Amino acid sequence: MPENMTWWNFLPFYQALLEWTRAKLGITWIAKVPIGIGHTMGFLFVALLVILAGFAVHQRTRKTASALIPDGRMTLRNFFELFSEILLGLMEPIMGRPAAIYFLPLIGTVGTIIMISNLLGLIPGFAPPTSNLNTTASMAVVIFFLTHYYGLKTQGIKYFRHFLGPIIKWYALPLMVFMFVIEVISHLTRPVSLSVRLMGNMFADHMLVAMFTLLAPLVVPIPLIAIGLLICVIQALVFCLLSVIYISMAIAPEEH
Amino acid sequence: MKRPKIRIAHMLLVPFLVATVGSAVFWYSMPAVSAEESKMSEPTSDLEKSVARLSKSLEASGRSVAAALAIGLAAFGGALGQGITAYAFLMGASRNPGSMGKFFPNTILILALIESLVIYGLIIAFMLMP
């Protein structure tokens, strides 16, 4: 899977940056090809877009007099308010209202970044940054560490009772050890599954569109790009929903 | 000002930050990495040359079969699972048309979760034959 030509290749400093990165980092570990920086450029662009959008919306929602009344047409602020409402409606049945409000910035940021990164791939000439395992794994590993951090923060050392299974008495020690091993393995596969799911969907979709553009250029890629739109929205939704479920499972108090 | 109590969770943050920053510093301060090339000694006789060619073509054919099997079986099982989910959703919708809107997001979520298992097979196929 060599590095493809995207619009980022036309930036003036791209080639020098690529050679510097290759000299420092060498070969990728999984695919054994020389490293590329297309995904870094795309991800930085998405981060820039999100920061700019945040600044643009922040001004309007701080002045309380004009913040209560929505705008008449579809502006950026209305779009983000709608987005937050939808995410809160997604998170409330799972976590309860106070936790949903607390975690809305995290899930909103992750959802916005993944959605914009996926949509960037539909524009011809751009590769989605999430089609690379580096970007998706970074987000999945952060969510993984945050589940344990918030679990420990809300429950203290009793958080480890989650791992020990249903019976926590001294006579059930073999069962506890067994359950601990199984729970650790299932916890470790969570970031793997989150990252590989998103990366695989985006990569496969992009590869399909590329192959069909080679074979039947003008008409056949159009339904594929339409399905790509559906898939990118659904995959962003699934990532957010699964991370919400993991966090809610970590912070839920033990019920007997 | 009261000092905040240090909790166990705070003790997790420091190793995490150290690991992140340390790995970045480590990788970017390393000198230029030279790609190791392990060269086998050149095949000397005609027998060794033909054996090398045969083994290479056997490996290539094995990889093709493995990649095709991986994606084929994954798609087979995935399509069955998604078909059952769609059947359940449509049966429920036909008995109770008003509840279709309530269950549609959950159905899409389940379809995406099953599809992720198919994508794992596709990743293996791509790793075998890029």
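Residues numbered from 1 in each chain as written. Chains lettered and ligands numbered in written order. Predicted model: local features only at pLDDT ≥ 70, side-chain atom pairs only at ≥ 80, totals over all residues.

Asker: Quick question: what am I supposed to make of the overall build of chain B here?
Answerer: If you tally the helices and strands in chain B, you get 3 helices and 0 strands. Counting from the amino terminus, chain B carries its helices and strands in the arrangement α-α-α. In chain B, which comprises 130 residues, the proportion classed as buried is 9%. Here the contacts in chain B between residues at least 6 apart in sequence split such that 78% fall between residues at least 24 apart. (Helix = DSSP H or I, 4+ residues; strand = E, 2+ residues; numbered from the N terminus. Buried ≥ 20, exposed ≤ 12 C-beta atoms within 10 Å, placed from the backbone. Contact = placed C-beta atoms within 7 Å.)

Asker: Just to check I follow, could you spell out the overall build of chain A for this structure?
Answerer: Helix and strand counts for chain A come out as 8 helices and 0 strands. Helices and strands in chain A line up, N terminus first, as α-α-α-α-α-α-α-α. Taken across its 256 residues, chain A has 27% of its residues classed as buried. For chain A, restricting intrachain contacts to residue pairs at least 6 apart in sequence, the fraction spanning at least 24 positions comes to 61%.

Asker: Help me understand the interface of chain A and chain B in this model?
Answerer: Much of the literature gives interface size as the accessible area that the parts lose upon coming together. Facing the 23 residues of chain A at the interface are 21 residues of chain B. Mapped by element, the contributors of at least two residues to the side of chain A that touches chain B are α1 (14-25), α6 (133-155), α7 (173-215) and α8 (221-251) of chain A. If one sorts the elements of the side of chain A that touches chain B by residue count, α7(A) sits on top with 6 residues.

Asker: Would you take a moment to explain the confidence of the model for chain B for this structure?
Answerer: Predicted coordinates in regions of low pLDDT should not be interpreted in detail. Of the residues in chain B, 86% have a pLDDT of 70 or more, and the chain-wide mean is 84. Per the prediction output, this complex has pTM 0.81; the corresponding ipTM is 0.74. (pLDDT = per-residue confidence, 0-100.)

Asker: Just checking my understanding: could you explain helix α5 (residues 97-120) of chain A for this structure?
Answerer: An α-helical segment advances 3.6 residues per turn. Residues three or four places apart therefore align on the same side. Compared with an ideal rise of 1.5 Å per residue, which puts 24 residues at 34 Å, α5(A) spans 33 Å between its outermost C-alpha atoms and is within 8% of the ideal. Where α5(A) bends most, the angle comes to about 50°, and this point is Phe103(A), followed within four residues by the proline Pro105(A). (Expected span 1.5 Å × (residues − 1). Bend = angle between axes of the 7 residues up to and from the residue.)

Asker: What is the right way to read the environment of Ala68(B) from this model?
Answerer: All names here are of chain B. Here Ala-68 shows up in helix α2 (residues 46-95). Residue Ala-68 is classed as partly exposed on the basis of its C-beta count, with 13 C-beta atoms lying within 10 Å. Taking C-alpha positions, Ala-68 is 9.9 Å from Gly-121, a pair spaced 53 residues apart along the chain.

Asker: Whenever I open this one, the packing of α6(A) against α8(A) confuses me. Can you help?
Answerer: Relative placement of two packed helices is described by the angle separating their axes and the distance separating the axes. Residues and elements named next belong to chain A. Close contact between α6 and α8 brings their axes to 8 Å; oriented N to C, the two are set at 25°. Regarding the angle of α6 to α8, the classification is roughly parallel. Here α6 runs over α8; the crossing is right-handed. Across the interface between the two elements, Ile-143, Thr-147, His-148, Tyr-150, Gly-151 and Thr-154 from α6 touch Ser-243, Tyr-246, Ile-247, Ala-250 and Ile-251 from α8. Looking at the contact of α6 with α8, its residues break down into 6 nonpolar, 5 polar and no charged. (Axes fitted to C-alpha atoms, helices over the stretch in contact; angles between N-to-C directions. Parallel < 35°, antiparallel > 145°, perpendicular 65-115°, else oblique. Left-handed = near helix turned anticlockwise from the far one by under 90°. Nonpolar A, V, L, I, M, F, W, Y, C, P; charged D, E, K, R; others polar.)

Asker: Can you walk me through the nonpolar core in this structure?
Answerer: Side chains of nonpolar character tend, in soluble globular proteins, to be buried together. If you look at the biggest cluster of nonpolar residues, it comprises 46 residues, and the most contacted ones within it are Met91(A), Ala236(A), Phe239(A), Cys240(A), Val244(A) and Ile247(A). Mapped by element, the contributors of at least two residues to this core are α2 (38-62), α4 (76-95), α5, α6, α7 and α8 of chain A together with α2 and α3 (100-128) of chain B. Looking at this core element by element, the count peaks at 13 residues for α8(A). Once residues lying within four places of it in the same chain are set aside, the contact partners of Ala236(A) are Gly111(A), Ile114(A), Met115(A) and Asn118(A). (Core = buried A, V, L, I, M, F, W, Y, C linked by C-beta atoms within 7 Å.)

Asker: Explanation requested: the environment of Trp7(A) in the structure shown.
Answerer: All names here are of chain A. Looking at the element boundaries, Trp-7 is found in the segment before α1. Residue Trp-7 is classed as partly exposed on the basis of its C-beta count, with 15 C-beta atoms lying within 10 Å. For Trp-7 and Leu-173, which are 166 residues apart along the polypeptide, the C-alpha to C-alpha distance reads 59 Å. The residues contacting Trp-7, other than those within four sequence positions of it, are Gly-125 and Phe-126.

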